[in-house]
Amino acid sequence: MDVFNYCLDFFYLAGLSVLHLAFVGRLVGKHVGLRWFVLYCALLCGLQVIFTLLDLGELPAIGAELLALYATVRTALRVRRSAAWTAALLAVYISQLSFGLVNSVEAMLIPWGVNGLLLRILLILFTLAALAVCACCYWAVLKFLSLAGNSPAPYAIVLLPTLFFFFAELYILKTSYSVLIVSPAPAEWKRHTALLLLQSLGLAALLCTAYAYRRVCRSFQTQAALASLTQAARYQKIYTAQAQMRYEKTRSFRHDLKNHLSVLSGLIQNQKWGAATSYLQKLEAVSAALSIPCRTGNPVLDILLGEKLELAEVYRIKTEISLLLPEHCGIDPFDLCVIFSNALDNAIAACRDLPEDKFIRITESRRGGFYMLSFENTCRDGPLPPEGTGLSNIRAAAEKYHGAVSTEKTDSQFHLHVLLNISEP
């Protein structure tokens, strides 16, 4: 290769590395630092030199490019393997598809036998066109597809079709084109027109797949929101029923309070101290039964915690709650019910079958405008089960307040942290 081809390859790889990482960063919702662009560009250039000198062919080079992007995404952005593979495969496939589309046009438009300065100018223009087409394709895909956060739909919906498209594009590039195009005779135009149409259909199929994935994600999110609202409504009914029951008991107690005081006064006047003490203890027991076992500053949450604490007591689970909600924190009681009910249901389910030393602990902390709820409970040894609907509902509630959810398991203890931003009204 001459100096021109080396420079053209470097320019293309530099532009491609910027497009790759910019696309992947937007796709997974993470910021990519400048140093990672430089390192990834250097990695692509190094791979290009190695595969060119060893003459290993295009397919191994594209495979190495895919692995390099996957490794960079995992290291720089720290996303899950499935998300990293999906993002890397999409980025490399779209760049190869763009290169193939421009190659089809290039093969038909470059005049037969052209060389020299005109050929170099045309190659530069088509290289710029390939990068421009790639950027447009990335923009179109990002309109429909996002892998940011914890997607409710499995990545296989996107990964498997993209993998098929990727291998189909590799076959087209391998059998029909090389990096430098030697223009065919006019009789070959039909073949290249067919290949251009085929690759355009591949792009359309990819966009349809991305759109279908977005619809599936929205369906999952709608179902999760509906389940959350249903759960919140259920706990609101429980709160209303229990509040009515406590009100009736309190009214009955207050109605009989005058008689109770008369009896107690008579016992004291007759100096029946033992009977008076026993009667007073009974009154205290009745009064305690009317009180709420846990006071957090939110009546809806107090009723919910009372119900969960009674259930924990049935399974002989020790509970420790250190919780007092900030005044005017702006958190909807329904969202509090979603967070606490799902967290406590999961904690009780993890504890109830353990033989002994079972406990659930709830604590809080506040730093400025951020409020942290921490749930800790005992659990069995071994890996955690896959994330279920309960934890997904907690994440959805936290995201409403621009918060986050983190989980951690150490030995036989599980920790759930829910961070909420309460600085905004």
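Enquirer: Report on the pattern of salt bridges, specifying residues and quantitative values.
Expert: By the definition in use, this model includes four salt bridges. Measuring nitrogen to oxygen at the nearest pair gives 2.6 Å for the salt bridge that ties Asp345 to Lys308. Of the two residues, Asp345 sits in helix H10 (residues 333–351) while Lys308 sits in helix H9 (residues 299–314), which places them 37 residues apart along the sequence. Residue classification places Asp345 among the partly exposed positions, given a relative accessible area of 28%. Taken together, the salt bridges that share partners define one network made up of Glu320, Arg361 and Glu376.

Enquirer: Quick one: what's the story with the packing of aromatic side chains, residue by residue and with numbers?
Expert: Throughout the structure, instances matching the rule amount to five aromatic pairs. Measuring from centroid to centroid gives 6.0 Å for Tyr12 and Phe99, while their planes differ by 55 degrees, and the two rings are tilted. In this pair, Tyr12 sits in helix H1 (residues 3–28) while Phe99 sits in helix H4 (residues 81–109), placing the two residues 87 residues apart along the sequence. Here Phe340 and Phe375 contribute two aromatic rings whose centre-to-centre distance is 5.3 Å and whose plane-to-plane angle is 75 degrees, an arrangement assigned as edge-to-face. Remark: Phe375 occurs in strand E3 (residues 370–378) and Phe340 occurs in helix H10; sequence separation between them is 35 residues. Relative accessible area serves as the criterion here: at 0%, Phe340 is assigned to the buried category. Phe375 sits in the buried class, given a relative accessible area of 4%.

Enquirer: Please give an account of the confidence of the model for the chain that cites residues and values.
Expert: Per-residue confidence for the chain averages 77 on the pLDDT scale, and 76% of its residues sit at or above 70. The low-confidence segment residues 179–184 (pLDDT under 50) makes 15 contacts with residues lying over four places distant or belonging to another chain.

Enquirer: Describe in detail the side chain of His415, supporting the description with residues and values.
Expert: Mapped onto the elements of the fold, His415 is located in strand E5 (residues 413–421). A distance of 3.5 Å separates polar atoms of two side chains, one belonging to His415 and the other to Thr410. When residues no more than four places from it in sequence are discounted, the contact partners of His415 are Phe375, Glu376, Ser406, Thr407, Glu408 and Thr410.

Enquirer: Residues and numbers for the nonpolar core, please.
Expert: Within soluble globular proteins, side chains that are nonpolar generally end up buried alongside one another. Counting 55 residues, the largest nonpolar core has Phe23, Val24, Leu69, Ile94 and Leu145 as the members making the most contacts within it. Looking at this core, the element that brings in the most residues is H4, giving 13 residues. Not counting the four nearest positions on each side in its chain, Leu69 is found in contact with His20, Leu21, Val24, Tyr40, Ala88, Ala91 and Val92. Listed in part, the 37 residues of the second largest apolar core include Cys329, Cys337, Ala347 and Val405.

Enquirer: Tell me about the sheet that holds strand E2 (residues 359–367), and name the residues and values.
Expert: Strand order in the open sheet formed by five strands is E1-E2-E3-E5-E4, with mixed pairing between adjacent strands. Strand pairing shows two members of the sheet lacking a second neighbour, strand E1 (318–321) and strand E4 (404–410), which therefore form its edges. This sheet shows a mean twist of 15 degrees between the axes of neighbouring strands, independent of strand direction. One ladder, built from nine bridges, connects E3 with E5; its direction is antiparallel. In the sheet register, Met372 faces E5, and the bridge partner there is Leu419.

Enquirer: Kindly report on the pairing of E4, identifying the contributing residues and their values.
Expert: In this structure, E4 lies alongside E5, joined through seven bridges in antiparallel fashion. By the bridge assignment, Thr410 is partnered in E5 with Gln413. Once E4 ends, the chain turns through two residues before running back antiparallel as E5, passing Asp411 with a positive phi of about 55 degrees.

Enquirer: Account for the packing of helix H2 (residues 34–54) against helix H3 (residues 58–77), with residues named and values stated.
Expert: Following both chains from N to C, one finds H2 and H3 inclined at 160 degrees, their axes separated by 10 Å at the closest point. Taken together, H2 and H3 sit at an angle that is classed as roughly antiparallel. Crossing handedness for the pair H2 and H3: right-handed. In this structure, H2 uses Trp36, Tyr40, Leu43, Leu44, Leu47 and Phe51 to contact H3, whose residues at the interface are Pro60, Ala61, Ala64, Glu65, Ala68, Leu69, Thr72, Thr75 and Ala76. Residue classes in the contact of H2 with H3 are distributed as twelve nonpolar, two polar and one charged.

Enquirer: Can you break down the packing of H4 against helix H5 (residues 117–144) residue by residue, with the values?
Expert: Viewed as axis vectors pointing N to C, H4 and H5 meet at an angle of 140 degrees, and their least axial separation amounts to 8 Å. With respect to H5, the element H4 is oriented oblique. Our pair here, H4 against H5, has a crossing hand that is right-handed. Of H5, the residues touching H4 (which contributes Leu90, Ala91, Ile94, Ser95, Ser98, Phe99, Leu101, Val102, Val105, Glu106 and Leu109) are Leu123, Phe126, Ala129, Ala130, Val133, Cys134, Cys137, Tyr138 and Val141. Of the residues contributing to the contact of H4 with H5, the split by class is 17 nonpolar, two polar and one charged.

Enquirer: Talk me through the side chain of Ser341; I want residue IDs and the actual numbers.
Expert: When you line up the elements, Ser341 lands in helix H10. Here the side chain of Ser341 touches Cys337 through a polar contact of 2.5 Å, landing on its backbone oxygen.

The rules behind each value
- Residues numbered from 1 in each chain as written.
- Predicted model: local features only at pLDDT ≥ 70, side-chain atom pairs only at ≥ 80, totals over all residues.
- Heavy atoms only, no water.
- Salt bridge = Lys/Arg side-chain N within 4 Å of Asp/Glu carboxyl O.
- Helix = DSSP H or I, 4+ residues; strand = E, 2+ residues; numbered from the N terminus.
- Buried < 20%, exposed > 50% of the residue type's maximum accessible area, 1.4 Å probe, protein only.
- Phe/Tyr/Trp six-rings, centres within 6.5 Å; stacked < 30°, edge-to-face > 60°.
- pLDDT = per-residue confidence, 0-100.
- Contact = heavy atoms within 4.5 Å.
- Polar contact = N/O pair within 3.5 Å; in protein donor to acceptor, adjacent residues only side chain to side chain.
- Core = buried A, V, L, I, M, F, W, Y, C linked by side-chain atoms within 4.5 Å.
- Pairing = 2+ DSSP bridges.
- Axes fitted to C-alpha atoms, helices over the stretch in contact; angles between N-to-C directions.
- Parallel < 35°, antiparallel > 145°, perpendicular 65-115°, else oblique.
- Left-handed = near helix turned anticlockwise from the far one by under 90°.
- Nonpolar A, V, L, I, M, F, W, Y, C, P; charged D, E, K, R; others polar.

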